[in-house]
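What the coordinates show
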Amino acid sequence: EDQVTQSPEALRLQEGESSSLNCSYTVSGLRGLFWYRQDPGKGPEFLFTLYSAGEEKEKERLKATLTKKESFLHITAPKPEDSATYLCAVPPFSGGYNKLIFGAGTRLAVHP
Amino acid sequence: DTGVSQNPRHKITKRGQNVTFRCDPISEHNRLYWYRQTLGQGPEFLTYFQNEAQLEKSRLLSDRFSAERPKGSFSTLEIQRTEQGDSAMYLCASTREGGHEQYFGPGTRLTVT
């Protein structure tokens, strides 16, 4: 069964304390992995798409990387405004990109 | 792009009532998706449209749920005879032709009392 697991469930950081979030997946023939940011009471905001092992994408303090079994979202010198839930998602093995399977997310809190 | 919009943003209803939500996708996005999200979980796929055709429905979409996209533009999601278990955030997303990334709206939070 296609599955996405994110860890940790919650992470508390001090401002400037770098860390990484993990997204592991069990889907045959990965055709892409998506990262989203979700603020409380709002819809997910698209961040990155990664397609192949070794690929990296960056945006401000965020860098996403992909291996054959997992993806990491590295947060460098985070600020309080980076506090949010970070979701990763993959398309299932069968079918196209017509639906995404999401993990439960990592709730990140960055304190000043 | 003005983004995906959803209305209403919040809906409180009594058990047994019918509710309808609306989603307006990003203009020229031909694919539209509905998801449901409960507290502490990621979004779960409900259904998908390409233009006006509903091409896939999840097993989560019971016969009390119906979705339409009559002119290939906005979409509506109706829940009949609501149950307390229907309380959730209902999210809509859209994708352009040939694109892979789904862009989400702000969601409609449904509370069934």
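The rules we used
Residues numbered from 1 in each chain as written. Chains lettered and ligands numbered in written order. Predicted model: local features only at pLDDT ≥ 70, side-chain atom pairs only at ≥ 80, totals over all residues. Heavy atoms only, no water. Helix = DSSP H or I, 4+ residues; strand = E, 2+ residues; numbered from the N terminus. Buried < 20%, exposed > 50% of the residue type's maximum accessible area, 1.4 Å probe, protein only. Pairing = 2+ DSSP bridges. Core = buried A, V, L, I, M, F, W, Y, C linked by side-chain atoms within 4.5 Å. Contact = heavy atoms within 4.5 Å.

1. Concerning the environment of B:S62
Here B:S62 shows up in the loop between β6 (53-57) and β7 (65-68). Sequence spacing of B:S62 and B:Y90 is 28 residues, and the spatial spacing of their C-alpha atoms is 15 Å.

2. Concerning the pairing of strand β8 (residues 70-75) of chain A
One face of the sheet, then the other: side chains in a regular strand alternate in exactly this way. Residue and element names in this part refer to chain A. Residue alternation in β8 divides its side chains into a buried set, S71, L73 and I75, and an unburied set, E70, F72 and H74. Here strand β3 (residues 19-26) runs beside β8; their pairing, made up of six bridges, is antiparallel. Bridging across to β8, C23 finds its partner in S71. Note that strand β7 (residues 62-66) and β8 share five bridges and pair antiparallel. The residue bridging A64 from the neighbouring strand is L73, located in β8. Where β7 hands over to β8, the hairpin turn is made up of three residues, counted between the paired strands.

3. Observations regarding the nonpolar core
Soluble globular proteins tend to pack their nonpolar side chains together in the buried interior. Residue and element names in this part refer to chain A. Of all hydrophobic cores here, the largest spans 23 residues; its most connected members are L33, W35, L73 and Y86. Of all elements in the fold, only β2 (10-14), β3, β4 (33-38), β5 (45-50), β7, β8, β9 (84-90) and β11 (106-111) reach the threshold of two or more residues within this core. The element that contributes the greatest number of residues to this core is β9, accounting for four residues. Among residues more than four places away in sequence, those in contact with L33 are C23, Y25, F48, T49, L50, L66, S71, C88, A89 and V90.

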